[in-house]
Amino acid sequence: DYKGKGGPFPFDPSRKSCSVYIGNLPWSTSDADVEDLVRPLGDVVRASIAYEPEGRSKGFATVLFRTEDQAEMAINQLNNLEF
């Protein structure tokens, strides 16, 4: 466990991750839209849009890939892509 300021943290921030942040999405984007976008890039475990308590999209999603290499490839492929 990473023991940074504030106590133990379950992930070391310097370590690669299987999770990818996708920002600047239109509010009308659905989880299925994000899955369709990233599925060709690797084995998607989960793709989730973040929502406000009122139900409106926050305009970003997180995608969990099966491996770190797939996540890194997705970042390289999607960086600066217009959705």
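Quick summary incoming for the structure in this document. (Residues numbered from 1 in each chain as written. Predicted model: local features only at pLDDT ≥ 70, side-chain atom pairs only at ≥ 80, totals over all residues. Heavy atoms only, no water.)

The next point concerns the overall build of the protein chain. Helix and strand content of the protein chain: two helices and five strands. In the protein chain, the succession of α and β elements from N to C terminus is β-β-β-α-β-β-α. Among the 83 residues that make up the protein chain, the fraction classed as buried is 24%. Look at the contacts in the protein chain between residues 6 or more apart in sequence, and 54% of them connect residues 24 or more apart. (Helix = DSSP H or I, 4+ residues; strand = E, 2+ residues; numbered from the N terminus. Buried < 20%, exposed > 50% of the residue type's maximum accessible area, 1.4 Å probe, protein only. Contact = heavy atoms within 4.5 Å.)

Looking now at the packing of aromatic side chains. Applying the stated criterion to the full structure yields one aromatic pair. Of note, Arg 56 hangs over the ring of Trp 27, and the distance from its end group to the ring centre comes to 3.5 Å. (Phe/Tyr/Trp six-rings, centres within 6.5 Å; stacked < 30°, edge-to-face > 60°. Lys NZ or Arg CZ within 6 Å of the ring centre and 35° of its normal.)

Of the two faces of strand β3 (residues 19-22), the one holding Val 20 and Ile 22 is buried and the one holding Ser 19 and Tyr 21 is not buried anywhere. Of the strand pairs in this sheet, β3 and strand β5 (residues 57-65) are connected by four bridges, and their pairing is antiparallel. From the neighbouring strand, Val 20 faces β5, where its bridge partner is Val 63. (Pairing = 2+ DSSP bridges.)

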